[in-house]
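If you want the building blocks of each chain, they are given just below.
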Number of protein chains: 4
Amino acid sequence: MAKRKKCIGILTSGGDAPGMNAAIRAVTRTAIYHDFDVKAVYRGYKGLFNEEIVPFKTQNVSNIIQQGGTILKTARCQEFTTKEGRQLAFDTITKHGIDALVTIGGDGTLTGARIFATEYNFPIVGIPGTIDNDLYGTDRTIGYDTALNTIMQAVDKIRDTATSHERLFFIEVMGRDAGFLALNGAIASGAEAAIIPEIATQEDQLEELIKNGFRKSKNSSIVIVAESPQTGGAMHVAELVKKEHPQYDVRVSILGHMQRGGSPTANDRILASRMGEAAIYALLDDQRNVMIGIRNDQIEYVPFIKAIKNDKPINRDLLNTIRILST
Amino acid sequence: MAKRKKCIGILTSGGDAPGMNAAIRAVTRTAIYHDFDVKAVYRGYKGLFNEEIVPFKTQNVSNIIQQGGTILKTARCQEFTTKEGRQLAFDTITKHGIDALVTIGGDGTLTGARIFATEYNFPIVGIPGTIDNDLYGTDRTIGYDTALNTIMQAVDKIRDTATSHERLFFIEVMGRDAGFLALNGAIASGAEAAIIPEIATQEDQLEELIKNGFRKSKNSSIVIVAESPQTGGAMHVAELVKKEHPQYDVRVSILGHMQRGGSPTANDRILASRMGEAAIYALLDDQRNVMIGIRNDQIEYVPFIKAIKNDKPINRDLLNTIRILST
Amino acid sequence: MAKRKKCIGILTSGGDAPGMNAAIRAVTRTAIYHDFDVKAVYRGYKGLFNEEIVPFKTQNVSNIIQQGGTILKTARCQEFTTKEGRQLAFDTITKHGIDALVTIGGDGTLTGARIFATEYNFPIVGIPGTIDNDLYGTDRTIGYDTALNTIMQAVDKIRDTATSHERLFFIEVMGRDAGFLALNGAIASGAEAAIIPEIATQEDQLEELIKNGFRKSKNSSIVIVAESPQTGGAMHVAELVKKEHPQYDVRVSILGHMQRGGSPTANDRILASRMGEAAIYALLDDQRNVMIGIRNDQIEYVPFIKAIKNDKPINRDLLNTIRILST
Amino acid sequence: MAKRKKCIGILTSGGDAPGMNAAIRAVTRTAIYHDFDVKAVYRGYKGLFNEEIVPFKTQNVSNIIQQGGTILKTARCQEFTTKEGRQLAFDTITKHGIDALVTIGGDGTLTGARIFATEYNFPIVGIPGTIDNDLYGTDRTIGYDTALNTIMQAVDKIRDTATSHERLFFIEVMGRDAGFLALNGAIASGAEAAIIPEIATQEDQLEELIKNGFRKSKNSSIVIVAESPQTGGAMHVAELVKKEHPQYDVRVSILGHMQRGGSPTANDRILASRMGEAAIYALLDDQRNVMIGIRNDQIEYVPFIKAIKNDKPINRDLLNTIRILST
């Protein structure tokens, strides 16, 4: 009797990130190349409850590498956080003959994957897909480079008008717990400062900013603020400054959801392609409970627990770089 | 004794718009080609008080056609709205030997120009530079096409994430008194609806929207809202909808100042180049108190009074187009 | 007995152009809104021989407005130029119950449509889709604005390096019989000259160029050349110049096929949406044998014969504009 | 008596690369911050002969971070390759009171710098600026990421038309001695293959390609070819294929000089900012005869001799990745 082919399930979960489609394409095609069946699960873990599960062939992922978002859709899934929910999920997985799972997403996605994988001793490999770049054990996450460029291009546009009007702009970017986008976005756009959640309070950062004499000249200034309870957001920071310096012509711009979309950059497509390929090699290699990371341009397997529990350190020297380069 | 060359002053005023630099380049080079001197006035009418006036040669406008914003800066100028202020401005103009003025800007700019030109019988030619496209007598204003494309590209990005998450987005775009950006931005981005200041109240538009069964399907939806007291803005509209339809996953995004910036599109550069050239021909032709317009691809001279006082009609049929094409 | 719904066939033919998908979407949805059935014919007229004909619902055209190319594919079709071929095509159309056809394409597409419509007294409405903008009776064709912006952006990039190295660049753009892209691309990119097929010989244009003292200064220069037997192409022009002026550091760049692709601009999407909608109104209005045109922002029905047989005039004054603005 | 400030000269040489301006800005501002004088040398080493040397203040580098090309211009310089030439250069440097030099460029630039630094025991620090990414000792060179994205975006556009017409495209990209752009450009754009100078002959690569059954399906295909004597270029490869497979609808596109230009990506701006800052720290640190490199996100000082003499290895596994992911 013919032995049944092994079957790999694939899903995207949590916030979407540009490059997720490139990862879906890479996982699917590498799996098929190595003689697996592939089943796509729609709407993240939710698809395990709704049984939105579709067999994928190589054509299902044609012409998606350049598309933002995720063709598999994504959703938050309350059920998966309960023991009963995960039992149901496991039943569905068994019913559909799925032997291993590749999940693409951020912190929450990997946390869910880890619990499930442990409870049911089920092989799961994670791929880090989040614009925030806040997963430990990988130099970059899928979507980060695209979001960084989207931010930079938006700030370039705002600088045109800031310069023409000689204004002080506070621009809010994503990054609830991590300042990678704000910090590097500020360097890339030649901003005067970045206010990030990793550093004490925003008052200290602002005080330092003002003490160091920014806006000595009459020129326009741009400050990038990470959207975070730690910073209070751009609106809050702007009001603090306006109170102290009513003479400034202050404006606020919140970049918002457009940071999550757009055709992925070359870096994100390449990263996603390599990680997607590596996820299948990890499974062939009998790995489980690991996230695919990239360190110094080398693929690494990072245990879920390590990726989730550790804070990814940010290079604080770059705050100094911003200050020196915008003098 | 050698006859003094005639001298043309040039300034940008009001909100900046992409393509203003292309217009500055065209005015400067056409003037020099026709043997005028050129003097650039910085910071709009303010430069007539601060005497920020600089002789311009052909090199001063090299390599600016592709730049957003305005190299001449722009500012609102309270003084110019007073009789005393305008007298001072006239004195400066006389002192600097400026024989005619080309002003680039929107409604407020032309209004100021008209009063000044009448009071002092001074030759002024206006060029319509505003992203809002709300000047009568010209099919398009400089900056409108670029802003429209900026909006469309931002909505394209948001649609990636809207589709992945199956959300209902309200996206706010500029256009205090005119819905051109919202209406055409909605068509270009395949949005479900546009809420514009020209149409009664936003409640009616929303009611109609909901009555017509938008979001019958489970798919994501995008509604473009003009930022205007008439519409109440995207946040206001979103709250109305959430109250009626708490089941929707509603999000708001305010595109903000980035709509004013960016490298101008081909259309805006060509429009600005042709209008800048035409402004000099108008002066050679002893025209004054006119705005350069373009109608049916032909240059026209539009009396200031006509350009300012008339509301530019919007094509309401396009609201229907949006509705049919997003079914 | 229930009366059969009327059925509209839709196809794209000839060279692809950005915005064709927006037109397909508009035709499909307007048709369905007005209670027609829609059948998509793949690969242009070829699909009438291979019977690649697929019923289209509103979902078939979801999320395509922003995509370049054509989801219906396109091909040249030898068979359709013969009487026997067209008889076969008519048989297929009858077999599939198609009552009218909307064809999207350029000169060749409309020519084929016209012959077929006349021979079989079959209702066909054409939509002008070609980047060359060379169809009479419409101010713009679908794809032209996108191609123009693609050219401009490429030239902007080349100018960076041209300026850094102080070189003379000849850049070849599409436009076999029409210089719209070269002429307007030159204005938009601030080039020194455009060499277009409408004007006598390239030698004359070059001679004029050199006589008028271009490259007096040491700066870089860019000349846009339409790819055409009339101009000889950029390589040919460059060699003529190098022979006369061996001191110039001459380079050639041929933009090539990328000019046909890319996400359509706002203008092209709006144009395609309005034309697609209008094509169905034309059929409802019992029009046939007409191309949808847009003149002075108004939709017009242009008889095929008029659209095909007439040369679309180009605004030669703009050659002068280029010359003055690049001094 | 007041001690004279130390003075740092800065120049760009060889082929220009996007991000050079960000590096110039970073070098200038970091130097001034650390109390150096800065003198800009125009047109590479040539400026040392023509004495095109200009003192730079912080404002000289305002608003250039987003610009492609180099504001310092660049040129090849024959004189600098001779002993007499270098003596003249040294005399100029002495005359202008330049105490150290920062040179931004590729292989040739660093080679010249090394010889000069050795001959005159003069402190020079190099910054790797070249789109080819072919300098040893640094993970990335300035300009590479921008060129990679430019290539990807061009191929995205070509794929639109390739897919619509079902063609086989050979696209030529830069990379005379190094396949980084071709290899990674192929992954990023989802191409079917990359033909690079590092691998034996193009015949072998093609044979392998065809043997592995590419174009089994009817779909379009894209092959990226590095412009190199080793590969023969896209035209050559296309002709080999056409001879063997006359049934294919083959097209060639040569991306050309636009690959060198454009506004730099976030990565290139950040890389250039960090390297520019580091160059001054290297001088403060009494380093000389070193290139600034970045390895595993850490700044490193790479002796010129090491950077120049070693071939940078390419990751050949990625050829396999391309093959698997395009099946």
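For every chain, the first residue of its written sequence is number 1, and the numbers climb from 1 along that sequence. Each chain gets a letter, beginning with A, and each ligand a number, beginning with 1, in the order they are written. Per-residue local features are limited, in this predicted model, to residues with pLDDT of at least 70; the limit for side-chain atom pairs, both in listing and counting, is 80 or more; totals at the level of whole chains, interfaces and linings are taken over all residues. Computation of side-chain values covers all heavy atoms of the structure but excludes hydrogens and water.

So, the packing of helix α6 (residues 180-189) of chain C against helix α11 (residues 317-325) of chain C
All names here are of chain C.
- Taken N-terminus to C-terminus, the directions of α6 and α11 make an angle of 30°; their axes are 10 Å apart at the nearest point. In terms of orientation, α6 and α11 fall into the roughly parallel class. In this structure, α6 crosses over α11, and the sense of that crossing is left-handed. Within the contact between the two elements, α6 uses L183, N184, A186 and I187 and α11 uses L318, L319 and I322.
- Charged means Asp, Glu, Lys or Arg here, nonpolar means Ala, Val, Leu, Ile, Met, Phe, Trp, Tyr, Cys or Pro, and polar covers whatever is left, Gly included. Its residues placed into classes, the contact of α6 with α11 shows six nonpolar, one polar and no charged. To obtain an axis, a line is fitted to C-alpha atoms, over the contacting stretch when the element is a helix, and the angle between two such axes runs from 0 to 180 degrees between their N-to-C directions. Working definition: helices are DSSP H or I runs of at least four residues, strands are E runs of at least two. Numbering for both runs from the N terminus. Throughout, the term roughly parallel applies to angles under 35 degrees, roughly antiparallel to angles over 145, roughly perpendicular to angles from 65 to 115, and oblique to all others. Take the far helix as your reference; a near helix turned counterclockwise from it by less than a right angle gives a left-handed crossing, and one turned clockwise gives a right-handed crossing. Contact criterion: two residues are considered in contact whenever any of their non-hydrogen atoms come within 4.5 Å of each other.

Here we look at the relation of the copies chain D and chain A
- For this overlay, a least-squares fit was computed on C-alpha atoms, restricted to residues scoring pLDDT of at least 70 in both copies. Of the transformation superimposing chain D on chain A, the axial component is 0.0 Å and the angular component is 180°, with the fit at an RMSD of 0.0 Å. Read as a symmetry element, the transformation amounts to a two-fold axis. No C-alpha of chain D lies nearer the rotation axis than that of N296 of chain D, which sits 2.4 Å from it.

A short note on the packing of helix α3 (residues 83-95) of chain B against helix α4 (residues 107-120) of chain B
All names here are of chain B.
- Relative to each other, α3 and α4 sit at 70°, their axes nearing to 11 Å. On the basis of the axis angle, α3 is roughly perpendicular to α4. Residue-level inspection shows K83, R86, Q87, A89, F90 and I93 of α3 in contact with α4, the latter providing I115, F116, E119 and Y120.
- Here the residues of the contact of α3 with α4 are counted per class, giving six nonpolar, one polar and three charged.

Some details on the packing of aromatic side chains
Residue and element names in this part refer to chain A.
- Pairing of aromatic side chains requires ring centres within 6.5 Å, counting the rings of Phe and Tyr and the six-membered ring of Trp. Pairs whose planes differ by under 30 degrees are stacked, by over 60 edge-to-face, and all others tilted. Under the definition given, this model contains 31 aromatic pairs over all chains.
- A centroid spacing of 6.4 Å and a plane angle of 85° characterise the contact between F90 and F122, whose relative ring orientation is edge-to-face. Here F90 is found in helix α3 (residues 83-95), whereas its partner F122 is found in the loop between α4 (107-120) and β5 (124-128), with 32 residues between them in sequence.
- Residue exposure (1.4 Å probe, protein chains only): buried if accessible area is under 20% of the type maximum, exposed if over 50%, otherwise partly exposed. You can call F90 partly exposed: its relative accessible area is 22%.

Overview of the sheet that holds strand β6 (residues 168-173) of chain A
Residue and element names in this part refer to chain A.
- What makes two strands pair is DSSP finding at least two bridges between them. In spatial order, the strands read β7-β8-β6-β9; together these four strands make up an open sheet with parallel pairing. The sheet is open, and its two borders are formed by β7 (193-195) and β9 (250-254), each paired with just one other strand. The mean angle between the axes of side-by-side strands here comes to 20°, regardless of whether they run parallel or antiparallel.
- Strand direction decides the pairing type here: β7 and strand β8 (residues 221-226), joined by three bridges, are parallel.

Focus on the pattern of salt bridges
- One speaks of a salt bridge when a side-chain nitrogen belonging to Lys or Arg is within 4 Å of a carboxyl oxygen belonging to Asp or Glu. Applying the stated criterion across every chain, the model contains 44 salt bridges over all chains.
- Across the pair D35 of chain A and K5 of chain A runs a salt bridge, and its minimum N-O distance is 3.6 Å. Taken together, the residues D35 of chain A in the loop between α1 (20-33) and β2 (37-41) and K5 of chain A in the segment before β1 (7-12) connect sequence positions 30 residues apart.
- In this structure D35 of chain A comes out as partly exposed when scored by relative accessible area, which is 47%.
- For K5 of chain A, a relative accessible area of 36% corresponds to the partly exposed category.
- Here R295 of chain B and D139 of chain B are joined by a salt bridge, their closest N and O atoms 3.7 Å apart. Note that R295 of chain B is positioned in strand β10 (residues 290-295) and D139 of chain B in the loop between β5 (124-128) and α5 (144-165), a separation of 156 residues in sequence.
- A relative accessible area of 33% means that D139 of chain B is categorised as partly exposed.

Re helix α8 (residues 233-244) of chain A
- Here the expected length of a helix is defined as 1.5 Å per residue gap, with one fewer gap than residues. Relative to the 16 Å expected for 12 residues at 1.5 Å per residue, α8 of chain A spans 17 Å between its end C-alpha atoms, a close match to the ideal helical length.
- Listed as buried for α8 of chain A are G233, A234, V237, A238, L240 and V241 of chain A.

Overview of the sheet that holds strand β11 (residues 298-303) of chain A
Residues and elements named next belong to chain A.
- Spatial ordering of the open sheet is given by β3-β2-β1-β4-β5-β10-β11, a layout of seven strands whose pairing is mixed. The outermost strands of the open sheet, each flanked by one partner alone, are β3 (53-55) and β11. Pairs of neighbouring strands in the sheet enclose a mean axial angle of 30°, with direction left out of account.
- Of the strand pairs in this sheet, strand β10 (residues 290-295) and β11 are connected by six bridges, and their pairing is antiparallel. The residue of β11 that forms the bridge with G293 is E300.

Digging into the interface of chain D and chain A
- The interface of chain D with chain A comprises 40 residues on the first partner and 40 residues on the second.
- By convention, the term buried area covers the 1.4 Å-probe accessible surface removed from two parts as they join, with the contributions of both added. Where chain D abuts chain A, roughly 3400 Å² becomes buried across the two surfaces, and 53% of that area is made up of carbon and sulfur atoms.
- Ranking the residues of chain D by area buried against chain A places Y33, I324 and L325 of chain D at the top, with a combined share of 18%.
- Here chain D and chain A share two salt bridges between them.
- Here R269 of chain D and D156 of chain A are joined by a salt bridge, their closest N and O atoms 2.7 Å apart.
- Identification of polar contacts relies on pairs of N or O atoms within 3.5 Å, with a donor-acceptor requirement for protein atoms, meaning one able to donate a hydrogen and the other able to accept it, and with residues adjacent in sequence counted only if both atoms are side-chain atoms. Scanning the region where chain D abuts chain A turns up 14 residue pairs in polar contact (both at pLDDT 80 or more).
- The element that contributes the greatest number of residues to the side of chain D that touches chain A is helix α9 (residues 266-284) of chain D, accounting for eight residues.
- Residues belonging to the side of chain D that touches chain A are distributed by class as follows: 14 nonpolar, 17 polar and nine charged.

Observations regarding the environment of A147 of chain D
Residue and element names in this part refer to chain D.
- Tracing the sequence through the fold places A147 in helix α5 (residues 144-165).
- Residues A147 and L181, spaced 34 residues apart in sequence, show a C-alpha to C-alpha distance of 7.6 Å.
- Not counting residues up to four positions away in its chain, the partners in contact with A147 are I131, L181 and Q259.

Quick look at the pairing of strand β10 (residues 290-295) of chain D
- Most of β10 of chain D sits out of view: five of its six residues are buried.
- Taking the residues between adjacent antiparallel strands as the criterion, β10 of chain D and strand β11 (residues 298-303) of chain D are bridged by two residues, where N296 of chain D takes a positive phi near 50°.

Some details on the side chain of D160 of chain D
- With respect to the helices, strands and loops of the structure, D160 of chain D is situated in helix α5.
- Positive residues here are Lys and Arg, negative ones are Asp and Glu, while His and the chain termini are left out of the count. No salt bridge is formed by the buried D160 of chain D, whose closest oppositely charged neighbour, R159 of chain D, lies at an N-O distance of 5.8 Å.
- Side-chain polar atoms of D160 of chain D contact the backbone nitrogen of G262 of chain C, separated by 2.8 Å.
- In contact with D160 of chain D, other than residues within four places in its own chain, are D16, G68, G69, G261, G262 and S263 of chain C.

Section: the side chain of N267 of chain A
- Here N267 of chain A lies in helix α9 (residues 266-284).
- Using a relative accessible area of 14% as the deciding quantity, one classes N267 of chain A as buried.
- In contact with N267 of chain A, other than residues within four places in its own chain, are R140 and D145 of chain A together with D145 and N267 of chain D.

Details of the state of the cysteines
Residue and element names in this part refer to chain A.
- Disulfide assignment relies on a single distance test, namely cysteine sulfur atoms paired within 2.5 Å. A complete count under the given rule lists zero disulfides over all chains for this structure.
- With no disulfide of its own, C77 lies closest to C7 among cysteine sulfurs, the gap being 20 Å.
- On the basis of relative accessible area, C77 is assigned to the buried category, the value being 12%.

What about helix α6 (residues 180-189) of chain D?
- Of all 10 residues that make up α6 of chain D, 10 are buried, and the element is covered over most of its length.
- Within α6 of chain D the residues assigned to the buried category are F180, L181, A182, L183, N184, G185, A186, I187, A188 and S189 of chain D.
- Residues of α6 of chain D that are buried in the fold lie against α9 of chain A together with α5, β6 (168-173), β7 (193-195), β8 (221-226) and α11 (317-325) of chain D.
- Just beyond α6 of chain D, the residue with positive phi is G190 of chain D, at close to 65°.

What about the environment of R114 of chain A?
All names here are of chain A.
- Looking at the element boundaries, R114 is found in helix α4.
- The spacing of R114 and P303 is 189 residues in sequence and 9.2 Å in space, taken between C-alpha atoms.
- Setting aside anything within four residues of it in sequence, one finds R114 in contact with N289, F304, I305 and I308.

Quick word on the UniProt feature "active site" (unreviewed entry) in chain A
Residues and elements named next belong to chain A.
- UniProt positions are given in the numbering used here, feature names are shortened, and annotations may be inferred rather than shown by experiment. With numbering matched to this structure, UniProt assigns "active site" (unreviewed entry) to D132.
- With respect to the element layout, D132 can be found in the loop between β5 and α5 (144-165).
- The exposure class of D132 is buried, given its relative accessible area of 16%.
- Excluding residues that lie within four positions of it along the chain, D132 makes contacts with M174, G175, A178, F180 and L181.

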